[in-house]
Amino acid sequence: MNRLPNLDVLRFILASLVIIFHLPQLCRNQGLPYFLDAPIFNRGVEAVYMFFVLSGFLIIKIIYNDKLRDRFSIRKFYIRRILRIFPLYYLILLFGFVFYWQILPVLGIPFENNYNLSNAVLLGTFFLPNVMSKLYMPGGILEVLWSIGIEEQFYIIVAPLLFIINKHRILQTLLILTTVYFIVFHLEFFNVLQEYIMVFFFLFFGGIVAILEDKKQLEFLKKSVIFPVLITILTVLYFTTSLFEFESVFLFNLVTMLLFGSFIHTIAHNNKRIEIRNRMLNYFGQISYGIYMFHVIALNTVVFLFLKIEWLKTFSDNMTIILINILTFALTIFMAHLSYRYFETYFLKLKNKFRE
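Draft legend 1. Local environment of a nonpolar patch on the surface. There is a patch of nonpolar side chains on the surface, built from Ile-183, Leu-187, Phe-189, Phe-190 and Phe-250 and spanning about 500 Å² of accessible area. Relative to the assigned elements, Phe-250 resides in helix H12 (residues 249-269).

Draft legend 2. Highlighting the environment of Ile-287. Along the chain, the position of Ile-287 falls in the loop between helix H13 (279-286) and helix H14 (288-308). Classification of Ile-287 by relative accessible area gives buried; the value is 1%. Setting aside chain neighbours within four positions, we find Ile-287 in contact with Ile-333, Ala-336, His-337 and Tyr-340.

Draft legend 3. Broad picture of empty space enclosed by the protein. On inspection of all chains with the given rule, the structure shows two cavities of 30 Å³ or more. Estimates place the volume of the largest cavity at around 40 Å³. Lining the largest cavity are Leu-23, Pro-24, Cys-27, Pro-33, Tyr-34, Phe-35, Phe-41, Ile-321, Ile-324 and Asn-325. Listed by contribution, the elements that provide at least two residues to the lining of the largest cavity are helix H1 (7-29) and helix H15 (317-352). In terms of residue class, the lining of the largest cavity is built from nine nonpolar, one polar and no charged. By volume, the second largest cavity is sized at about 30 Å³. Listing elements by their share of the lining of the second largest cavity, those giving two or more residues are helix H3 (74-107) and H15. With four residues, H3 is the largest single contributor of residues to the lining of the second largest cavity. Grouping the amino acids of the lining of the second largest cavity by side-chain chemistry returns four nonpolar, no polar and two charged.

Draft legend 4. Seen up close, helix H10 (residues 200-214). Helix length check: H10, at 15 residues, gives a terminal C-alpha distance of 22 Å against a target of 21 Å (1.5 Å per residue), a fit within 8%. Where burial is concerned, most of H10 is hidden: 14 out of the 15 residues are buried. Positive backbone phi, at 60 degrees, marks Lys-216, one or two positions downstream of H10.

Conventions adopted
Residues numbered from 1 in each chain as written. Predicted model: local features only at pLDDT ≥ 70, side-chain atom pairs only at ≥ 80, totals over all residues. Heavy atoms only, no water. Patch = residues over 30% accessible without salt bridge, like charges linked within 9 Å, V, L, I, M, F, W, Y side chains within 5 Å. Areas by Shrake-Rupley, 256 points an atom, 1.4 Å probe, with all protein chains shown as cover. Salt bridge = Lys/Arg side-chain N within 4 Å of Asp/Glu carboxyl O. Helix = DSSP H or I, 4+ residues; strand = E, 2+ residues; numbered from the N terminus. Buried < 20%, exposed > 50% of the residue type's maximum accessible area, 1.4 Å probe, protein only. Contact = heavy atoms within 4.5 Å. 1 Å grid on protein atoms, 1.4 Å probe; cavity = no way out; pocket = protein on both sides within 12 Å on 5 of 7 lines; lining within 4 Å. Points joined across faces, edges and corners; volume = space filled by probe spheres on them. Nonpolar A, V, L, I, M, F, W, Y, C, P; charged D, E, K, R; others polar. Expected span 1.5 Å × (residues − 1).

Here it is in structure tokens:
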């Protein structure tokens, strides 16, 4: 499958929104200057939600196309997902436990590990980091893994489901499943789904959009430039203003799901041949998984330096905020680059052997 335009750049932008969401929180907790008054500094969770829609859009698109050709292999699907996700996931999981249980005590930095380590390791190992994060608050390096857990749980559900469904019934099944799950998710009786952020409807809806596009049922959005422009403007307003801050969780999730699915379709298929070809931005998008996984480690490192190195304390508050942002981004990208080039690429080459 050819790479769709603009999605790599979108990945980098979303990863950056997560960084600027976490950065002022840690600075505030450590008594350093911070700024988070603008809405864009509070959209980290929403950025992850768009990641979910994007993942569903791409993964279900791949499975659907393989099903149409009667070439879908669950074994190959899971091998590809394992080779892409597992190596870095388990690396960060291991480092996180070592960091909070061993490194911080050695550095004399107080951190309360008030949970059973064995239980947390089991939850993390078997892709329930969202449960682990909610129960224990094990620290930022481990807590960001919650979204990887949601994606892995989605993979466990979606591959067998789409394997057994007739290829001509996939869209209908996804529409019913997404509608029912969305309603159930918001029922008070099933609040455990909200508690552990099991927002699978975002991923399934991304797949619905991909299939509708494949079936040429979204052509009406391409008839006028008004639609892509309006969708893009609304998405920018979503992240930069308080326009979409609804009190109703049901309404918030519904609008978010519909808008994000529409936006991803717009930049991938309805962009009027506008494609961001900047090599650096596209590369940052390719390593966005590493950017997401390493950014809390980089942030902790930078904050530690500003707390321990005396001459760094001489800067004004504004300069401190700027420097922490620049250094965190630079260190995060550097770590993600090294990981991608010298660690992840080995597994990605193996992954390519299992493509159809």
